[in-house]
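Letter by letter, the chains look like this.
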Amino acid sequence: MSKGTLFDKVWDLHTVGTLPSGQTQLLIGLHLIHEVTSPQAFAMLRERGLKVLFPERTVATVDHIVPTTNQARPFVDALAEEMMQALEQNCQKNGITFHNIGSGNQGIVHVIAPEQGLTQPGMTIACGDSHTSTHGAFGAIAFGIGTSQVRDVLASQTLALSKLKVRKIEVNGTLKPGVYAKDVILHIIRTLGVKGGVGYAYEYAGTTFEQMNMEERMTVCNMSIEGGARCGYINPDQVTYAYLKGRDFAPKGADWDKAVAWWDSIKSDADAEYDDVVVFDAADIPPTVTWGITPGQGIGINQFVPSAEQLPEEDRQIAEEAYVYMDLTPGQPILGTKVDVCFIGSCTNGRISDLREAAKVAKGRHVAQGVKAFVVPGSERVKQQAEAEGLDKIFQAAGFEWREPGCSMCLAMNPDKLQGRQLSASSSNRNFKGRQGSASGRTLLMSPAMVAAAAVKGEVFDVRELLN
């Protein structure tokens, strides 16, 4: 095994060859598909008379267009029903495993693969979805890809990619109470910028990540793409192995011991060389909220909307745009900003530990008058687990709606949408203009616990005051 970073080792092991373009032809170990980016890819295969090369390496689910209230078929939305039928037929014709609604395994693609043990260290993973970087939490190299690349993976199980540089992002120390993985990644993106990671893979290292559970690590890696990085990963360790052991697709018996030995061997070496290293102190990270129209426009809960002069020159124009769109004034506190809708869910924060943290805040309190608040579990398994723990009852008693699994209002390709100028406190990953379903709707990104605090207070609130 060559010395170096995990990224270098995994890349080299999956290299099929070098293409005339200079790009690497990279073998993809696991291909995850869903209903939005796959229909056109399958159509392209049919046009060329091609088959899916390795259907056993492809796994499908439905997540983006799924209604989270009434899931009766046919769906009310004719286009959603059409996409659903296309996925069902494509999987059936090509012998692809499909986790459909009601199977017990359906959910957001980046939630179901880890929980089933499909995602493992040292793999290359691709999916036609930006947030595929989530799987890097396991020490995998995972890429979000476009529709034509989905076609390429279906047909050849390989991708043409240019090798990335590697930036090590080290965070050390223990997070303060009320500060979560979501705050860590928002803080990193705020500091390095939304384009800071272009051309890089991010390796997250340091004692802060070592202390995180797998779900927290997934939250961090999930948003690597929002910082411009093509992928983000954490070296596998005992936390990784404890999470994977016994899951549906994890190695069993003697194979398990062999797998762990191999996973240990692919970790970044102590003397690995990086293209860049950035160091943060966990003690400096506050509960963080976005105020603008990019995930990089974030501030600590007790800070003020920055003025253009306080920002680097290249960030000033988009700041001016954000003031107008968000209806915020430089110098005003983010604390106390009134909210209309509160959404807990998404591939960033729809896992069981996210729901537990939010339920701690909701318990014994009630959603503020005039606020719509709802909780969308990331998968059917997460929903079942949450209901077994009584979290659904806590949320419902507090006035939250308890929904069926899906992507919901993160991308709003389903009935869950903002209306008009509504302002949403959201545990999702993007606050772009119109992202949550209304062309003029506004989004503030924050941790699930902070969303729950906003819901019960009716405004952006410091969750630490409710946890004491």
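Residues numbered from 1 in each chain as written. Predicted model: local features only at pLDDT ≥ 70, side-chain atom pairs only at ≥ 80, totals over all residues. Heavy atoms only, no water.

**Structural notes on the pattern of salt bridges**
Tallied over the entire structure, the rule returns 25 salt bridges. Notably, a salt bridge pairs Arg-381 with Asp-248, separated by 2.7 Å at the nearest N-O pair. Note that Arg-381 is positioned in helix H14 (residues 380-388) and Asp-248 in the loop between helix H9 (238-244) and helix H10 (254-265), a separation of 133 residues in sequence. By relative accessible area, which is 42% here, Asp-248 ends up partly exposed. One salt-bridge network, held together by shared partners, links Lys-372, Glu-401, Arg-403 and Asp-416. (Salt bridge = Lys/Arg side-chain N within 4 Å of Asp/Glu carboxyl O. Helix = DSSP H or I, 4+ residues; strand = E, 2+ residues; numbered from the N terminus. Buried < 20%, exposed > 50% of the residue type's maximum accessible area, 1.4 Å probe, protein only.)

**Thoughts on the sheet that holds strand E6 (residues 124-127)**
Ordered by their spatial adjacency, 5 strands build an open sheet running E5-E4-E3-E6-E7, and the pairing between neighbours is parallel. Every other strand in the sheet has two partners, leaving strand E5 (97-99) and strand E7 (141-144) as the edge strands with one partner each. In this sheet, adjacent strand axes meet at a mean angle of 20° when their direction is disregarded. The sheet contact formed by strand E3 (residues 30-33) and strand E4 (residues 58-61) spans 3 bridges and is parallel. The residue bridging His-31 from the neighbouring strand is Thr-58, located in E4. On top of the sheet, helix H3 (residues 78-94) reaches E3, E4 and E5; it is set at about 150° to E5, its chief contact. (Pairing = 2+ DSSP bridges. Axes fitted to C-alpha atoms, helices over the stretch in contact; angles between N-to-C directions. Contact = heavy atoms within 4.5 Å.)

**Structural notes on the UniProt feature "binding site: [4Fe-4S] cluster" (unreviewed entry) in the chain**
The UniProt record marks Cys-347, Cys-407 and Cys-410 with the feature "binding site: [4Fe-4S] cluster" (unreviewed entry), using the residue numbering of this structure. Taking the farthest pair of C-alpha atoms as the criterion, the annotated set spanning 64 residues converges on one region, since that pair is 8.7 Å apart. Within the secondary structure layout, Cys-347 lies in helix H12 (residues 346-349). Judged by relative accessible area, which is 7%, Cys-347 ranks as buried. Looking at Cys-410, the relative accessible area reads 7%, which means it is buried. Setting aside anything within four residues of it in sequence, one finds Cys-410 in contact with Phe-343, Ser-346, Ser-428, Asn-429, Arg-435 and Gln-436. (UniProt positions renumbered as here; feature names shortened; annotations may be inferred.)

**A few points about the sheet that holds strand E2 (residues 24-27)**
Here we have 3 strands laid out as an open sheet, ordered E1-E2-E8, and antiparallel in their pairing. On the outer flanks of this sheet lie strand E1 (15-18) and strand E8 (158-161), each paired with one strand and no other. When strand polarity is set aside, the average angle formed by the axes of neighbouring strands in this sheet is 25°. Pairing between E2 and E8: 4 bridges, direction antiparallel. Along E8, the bridge assignment pairs Leu-26 with Leu-159.

**With respect to the domain arrangement of the chain**
By the assigned domains, the chain splits into domain 1 (4-159), domain 2 (163-236 + 262-282) and domain 3 (288-463). Put simply, the middle of domain 1 and the middle of domain 3, counted by C-alpha atoms, are 28 Å apart. Counting residues at the interface gives 27 residues for domain 1, matched by 23 residues for domain 3. Summed over the shared surface of domain 1 and domain 3, the number is 0 salt bridges. In terms of residue count, helix H4 (residues 109-115) provides more of the side of domain 1 that touches domain 3 than any other element does, 4 residues in total. When its residues are assigned to classes, the side of domain 1 that touches domain 3 shows 9 nonpolar, 16 polar and 2 charged. (Domains from an automatic or database assignment. Nonpolar A, V, L, I, M, F, W, Y, C, P; charged D, E, K, R; others polar.)

**Examining the packing of helix H13 (residues 352-362) against helix H16 (residues 448-457)**
The description of two packed helices rests on the angle between their axes and on the distance between the axes. Where H13 contacts H16, the axes come no closer than 8 Å and their chain directions differ by 30°. With respect to H16, the axis of H13 lies roughly parallel. Pair H13 / H16 crosses with right-handed handedness. Two secondary-structure elements touch here, H13 through Asp-354, Glu-357, Ala-358 and Val-361 and H16 through Pro-448, Ala-449, Ala-452 and Ala-453. (Parallel < 35°, antiparallel > 145°, perpendicular 65-115°, else oblique. Left-handed = near helix turned anticlockwise from the far one by under 90°.)

**A word on H10**
Spacing of three or four residues puts side chains on the same side of an α-helix, whose turn is 3.6 residues. Spanning 12 residues, H10 covers 17 Å between terminal C-alpha atoms, matching the ideal 16 Å at 1.5 Å per step. Every buried residue of H10 is listed here: Trp-256, Ala-259, Val-260 and Trp-263. The buried residues of H10 all sit within an arc of 100° when viewed along its axis, so they share a single face. Of the residues in H10, the exposed ones pointing more than 90 degrees away from the buried face are Ala-254, Asp-257 and Lys-258. (Expected span 1.5 Å × (residues − 1). Arc of directions from axis to C-beta.)

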